[in-house]
Structure formats: structure tokens, C-alpha cells
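Observations on the model geometry
Here is what each chain is made of, one letter per residue.
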Amino acid sequence: MTLLADSGTPGTYTTVDPRDGSAIESYPVDDAAAVRAAVGRAREAAAWWAAQDHAGRKRVLLRWKSAIARDAASLAQTISRETGKPESDALLEVMLTLTHLDWAAKNAEGVLKRRKVHAGLMNYNQKASVGYEPYGVVGVIGPWNYPFYTPMGSISYALAAGNAVVFKPSELTPGTAVWIARKWAEVCDEPVLQAVTGDGATGAALVSSGVDKVAFTGSTRTAKKVMALCALSLTPLVAECGGKDALIVAADADLDAAASFIAFGAFGNAGQTCVGVERVYVDKTVADALIAKVVERGERVRVGGETATYGPMTLPSQTAVIAAHIGDALERGGTAALGGRESVGERFVEPVVLVDVPEDSDAVRHETFGPTVVINTVSSVDEAVQRANATDYGLGAAVFTRSAATGRRAAKQLRAGVVTINSVLGFAGIPALPFGGVKGSGFGRIHGADGLREFSTPKSVAHQTSKAALNLLTLERSHKDDHMVARMLPMLHGRAK
Ligand code: NAD
């Protein structure tokens, strides 16, 4: 067990404030039996929750939302203490998350209610419809970097679709999960949402506990382990994994806007954002100007303290990865336009801008998850797209250009789950947009109508309302029927148009 601090009590562990390493609070390390018990309670609650109609679930979800909103300052404090991020960032996280909860609660009925579909000419005697039903119990496993926004992207949509949820947060941020579950208990007597705490072993126990679907958010490495476990019981999985997002700056881009968004996307939350900006491909004609503007913004960043732009690395061991990526980039001929190896402290990392870094170096190929950015030059947007796509990941991407046509073309060609034009992270507060990755960044979608359907199983119904003129579904088909099929087949399907 990756104990954060020894609690002194067997079966529990203590979280620490990443800003100074001081102890925060102790939580149980839930074992397989405890997880199974939670899933058992959830199963009963799921039957009750599914039996409520959409309007009933919406009422409870909106009550929960307003209870969270009224106590948002306390939630922001909890998030801030566990992650080290400034409270103002945590409050923004709460607001964005509630936008999604609100949307999921209000749109579930419209998206998931049973609807008619055309039965087709041959089946004029049938009424066909499709409806979406909850899975039952969804196991949600979350990361620590946005401990409310990220898992709630699964939890809100899973609950709105009629499922019960057992949530296993990151071992670094159990307090946020416990806070959310307590708030649920204030508005609903049934344990439709519960939190279990512990590390990877608790997460693995949840995956193996008989839940009906797993929603995992975390690293690609762990997603592979989770998927292997899911395979044993054929448990469906939605996997939201890491990224190495690229941002393209065309020659006609607004460089001030691009530089501001690069700084926000690369340095915000100390770079601990799955859809943060890790690579920039800029047209060579404007590269020097852009680099100067990004460096200028990086120099204004305040790391730690009362007026911090961002806090420490939440996971202290991440500093070793960041240092290794910077070292590799510099040894292979890249240069540091801002900071360098010396920017990586024990807990805090100052912003680093690396320039002309070889495309096969670690800083370009692997997720750094720190406040660093690589800026490489290209000759065209097409070349930038090609380089942006040459990675194992495909989570987000961005393009800056004054030409709508160039933006649209790049958005079509970029292999990513979400593309922003002239902003970064612009999608995060638009709940109708589905979110998720391709390639090593995962599969399946949270948010939006697709997110609601992700946590539902489609059920098709075909209702025969009168006898068919041409009775094909019988063991006693006549020669006349067969003859009719032989004549109709080329008429129905033989023409190309
Ligand atoms: P992680 O993979 O180390 O852990 C994620 C979760 O999985 C934690 O709760 C952990 O306890 C649990 N876990 C670990 N081993 C497990 C196992 N064998 N079985 C089941 N669960 C297990 O990731 P992290 O360090 O918490 O988060 C950072 C990563 O998450 C980064 O790669 C980041 O890009 C990614 N992330 C992705 C998104 C997204 O939406 N795509 C959002 C936020 C973070």
C-alpha cells in the first residue's frame, strides 16, 4: 500500500497536505469484503433509484446540487488541502462540475426516454422503439488532479441515467469523495452514492466486486490493468486516460491570445491537467514572437504562497518524471527559454519553456504532468497536425488561427477526442459536449447525451400489431412467399442509389 502517512491504526491511512507534508485526516483502507458490502448496499439502492421516474431522480439530483453549491466553500477548502491547489481554483472546479450535474439532471429524460424508430417497409406491421435503461451499479475510480470535476463527470451522468454509484477516489483525495457522499446522504436516505477509500488494491476490489460497469479515470498504465480485470467478468468499461495534448499556432494567429492560453493550459494547476498543453507547434515565421510572449507570462507566475498562481505537485514523486523529461530534452539538443533543471524543487516546480526539442524525446512523447511546455517550430499547419498526431495519445488538441477554414480543417484532421479553436479547455464548461479520448487516451465518453448513454443499456422492442401480408417468420413459408422475396430483393437493394 502506498501509504501517504502512517496513521498508527491498522487498516487506515492518513492523507497529507502536499504544500508542507502535514497530516490531514485518516481514512479506512477498504478491503475486498468492505467493497463488496458497499456494492451490496448499492445494488438494493439501485433498484429503488431505477424505480423512480426521471422527474423523481431529477428532483433529488438538483437538491444535491444546491446542497453542494450552498456549502461550496467547505468543499473547495477540502479540495485545496488535499491537492495543494489554490482555493480559487478549487471553487472554479466546483462551479464547472455543478454545471454538468445540472445538465445531466435536466436532460436525462429527453435523451434516454423510449422513442419510436421506423420499422421499415417490410415490417409495416410492427411498432419499433428503443429505450435506455440503467446498468445497475457503476463503480467509479477517480484520479487526484481534479478530484471533484473529473469523477463527477462519470458520477453525475451515471446517477442521472438511473444507476447507483460506488466511488473509489484516488488515495490522495479521499476527503473530497467522503464530502460528496455525505452531502448525498443529507438529501437522500438511500445509499445511491457511496464512497470507498484506499489505494489501487481497493480500486481493483471494486472492479472485481460484481459492479455492472466501471468508469475509470487515471493513467493509461492503470487503465490497462483495470481493463484486464474487467475482461475476467466481461464488465464493460469506460476509460478516461492520460494525454499529451498539442496546440498549433498558425502564422495568422492572435499571438497574445495564443500565448495566454498556452500559459494557462501548460502551467495552470501546476500542469497537472489531463488536457493541459504539453506541446506547441508554431509556424516558424511567428515562433520567436510567440516564445517571447509565453516566457513573459511564465515569468509572471507565482508558485506557492498566499497569492499562488498554482501550488505544489500533488504527487511528490511526479517531480522525478518532470526532471527526467527536462534533462532528456536538454541533453538531446533542446534549449530552455525559461527555467530548466533548477526549476524542479522538492515539492514545487517553477514554469519551464523548452524549445526545439527532438520529437522522439520523452518530453514530446510521454505525459509530463508538470508545468512545462515544449515549443517546436513547423513550416505549415499540415506539418503541425502531422506532428501533433504522431503520439500514442489522443485526448485533446487546440489550434489558433484567424481563418475559420484553417481551424475547421485542422479540427477534422487532428486525432483527438476534443479540439478547441482559439482557446484551450473551452469545452470543459459545455456540458452538452461529450468528453473522452482516442488511442492511448482511452475510449467511451462522459458528459453530454453520449455520456448519459454511456451509463445506459439500449433496449429494443419490436411489437407486432397485425399479421404480415408476407409471412417470412415461419417454418411453413409458401413457394409464393419465396418467389415474392426473390422478386423484391433486387428491387429493394439491387440499385446502387
Ligand atoms: P492512476 O492511474 O495512478 O490512479 C487512478 C486511480 O486508479 C486511483 O484511484 C488509483 O487508486 C486507482 N488504481 C491504481 N491501481 C489500480 C488497479 N490496479 N485497479 C484499480 N484501480 C487502481 O492515476 P492518477 O495519478 O491518480 O491520475 C493522473 C492520471 O490521470 C494522468 O495520467 C492524467 O492524465 C489522468 N487523467 C485523465 C483524465 C481524463 O478525463 N482523461 C482526467 C484526469 C486525469
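Residues numbered from 1 in each chain as written. Predicted model: local features only at pLDDT ≥ 70, side-chain atom pairs only at ≥ 80, totals over all residues. Heavy atoms only, no water.

Within an unreviewed UniProt entry, the label attached to the protein chain reads Aldehyde dehydrogenase, and the organism entered is Microbacterium terrae. UniProt lists a comment for the protein chain under the heading Sequence similarities (unreviewed entry), and it reads "Belongs to the aldehyde dehydrogenase family." (UniProt positions renumbered as here; feature names shortened; annotations may be inferred.)

The mixed open sheet is built from six strands, whose spatial order is 7-6-5-8-9-17. Because the sheet does not close on itself, it has two edges, and the strands there are strand 7 (193-195) and strand 17 (442-443). Pairing between strand 8 (residues 213-217) and strand 9 (residues 237-240): four bridges, direction parallel. The residue of strand 9 that forms the bridge with Ala215 is Val238. (Pairing = 2+ DSSP bridges. Helix = DSSP H or I, 4+ residues; strand = E, 2+ residues; numbered from the N terminus.)

We now examine unusual backbone geometry. Phi at Ala270 is positive, roughly 55°, even though this residue is not glycine. You will see that Asn422, though not glycine, has its phi angle at about 65°, which is positive. For Asn422, the location among the structural elements is in the loop between strand 16 (418-421) and strand 17.

In the vicinity of the ligand lie 29 residues, with Lys168, Glu171, Ser219, Thr222 and Glu367 positioned nearest. A distance of 2.7 Å is found between an oxygen atom of the ligand and a backbone nitrogen or oxygen belonging to Gly142. Contacts to the ligand include Trp144, whose side-chain N or O atom sits 2.8 Å from an oxygen atom. About the coverage of the ligand: the protein hides 89% of its 860 Å² of free accessible area. In terms of residue class, the shell around the ligand is built from 12 nonpolar, 11 polar and six charged. (Near = heavy atom within 4 Å. Polar contact = N/O pair within 3.5 Å; in protein donor to acceptor, adjacent residues only side chain to side chain. Areas by Shrake-Rupley, 256 points an atom, 1.4 Å probe, with all protein chains shown as cover. Nonpolar A, V, L, I, M, F, W, Y, C, P; charged D, E, K, R; others polar.)

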